[in-house]
Amino acid sequence: MTVLVLGGSSQIGHFLLPRLLICGEPVIAVSRHPPSMPSEVQWRLGHLPDAMPELPALSAIVSFGPLLALAEWLASQSLSGAPRVIATSSMSAETKRDSSVPAEREISRQLRDGEAALASACARHGCSWTVLRPTLIYGAGMDKSLTPMARRAMRLRLFPLPSGRGLRQPVHADDIAQAVLAALDCPASVGRILPIGGGERLTAGEMFARVHRSLPCATLPLPLPAWLLRLGRHGVPRLRGPLHRLDADLIADNGELQRLLGINPRPFRPEASSWVPAHF
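Residues numbered from 1 in each chain as written. Predicted model: local features only at pLDDT ≥ 70, side-chain atom pairs only at ≥ 80, totals over all residues. Heavy atoms only, no water.

Mind showing me how you'd approach the pattern of salt bridges here?
Pairs can form between side chains of opposite charge once their charged atoms are near each other. For the coordinates displayed, the defined rule picks out 16 salt bridges. Of the charged contacts in the structure, one is a salt bridge between E94 and R97, with a shortest N-O distance of 2.9 Å. Overall, the relative accessible area of 33% leaves R97 in the partly exposed class. A salt bridge links R269 to E200, with the shortest nitrogen-to-oxygen separation between them at 2.7 Å. Taken together, the residues R269 in the segment after α10 (255-261) and E200 in the loop between β11 (192-196) and β12 (202-203) connect sequence positions 69 residues apart. A residue is classified by how much of its surface remains accessible, and E200, at 17% relative accessible area, is buried. (Salt bridge = Lys/Arg side-chain N within 4 Å of Asp/Glu carboxyl O. Buried < 20%, exposed > 50% of the residue type's maximum accessible area, 1.4 Å probe, protein only. Helix = DSSP H or I, 4+ residues; strand = E, 2+ residues; numbered from the N terminus.)

Shown next as structure tokens:
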């Protein structure tokens, strides 16, 4: 039997695929941009929900893509053997639920709708499922939050440092990969939505400061005072949500993750390599 990984070229896939191979699992990874180099992984070109390749019988399906697209594809398939399904959502399903920005509330709603649709599609096939809700992900130089900030700073040699009091809990992509692997063999996690955050909670300001200290070249820190952030929040609509969240706690309770899967994510200790794009 074979493990199917959807979004195999993602930052979590970068860490998961080698771990699956070490376990001796045959792996098919589907991506919009599969690597051209030879690999033990069977790479296939495709994407959810309607451009998927032909697949053999599967023992498990792991997905790092949009939940609604995954649910739509599953609902259209005739699966044999009821493969185990592990998928990632986001803690934004909760942290943006009551956002003052309508677009962010819509993101939260879509995530929760996707989780519900996945559960329904799995029930139709008799598949057991687990959903992981990560906080802010880093570690493979592929995220769209901290990595762009780090690269911009290295290019301009200037690092803006916002003063944020809200708590953050960045989670390394490899810790999520380990949680996926643990969930594949954990009956107790079936039918659960598990938050997963990093092993340390720190203020947004300290998080940015650690990113700055991790850079491989000298960059000038540019503190951004609270009054300037308030001005930006009111004067620039597209910044309203991100700036407002600087003083909001965006964290996860790892209690169930630790109890059910035995996963204890690492503290936030980024290195220069954290901002370098992963290669397959």
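Hey, could you run me through the nonpolar core in this one?
Across soluble globular proteins, nonpolar side chains have a tendency to be buried as a group. Counting 35 residues, the largest nonpolar core has V5, L16, L20, V62 and L261 as its most contacted members. If you list the elements that add at least two residues to this core, you get β1 (2-6), α1 (11-22), β2 (27-31), β4 (58-63), α6 (173-184), β11 and α10. If you tally residues by element for this core, the top one is α6, at eight residues. Not counting the four nearest positions on each side in its chain, L16 is found in contact with V5, V62, F64, A177, V180 and L181. Counting 22 residues, the second-largest nonpolar core is a separate cluster that includes V30, L48, M52 and L70. (Core = buried A, V, L, I, M, F, W, Y, C linked by side-chain atoms within 4.5 Å. Contact = heavy atoms within 4.5 Å.)

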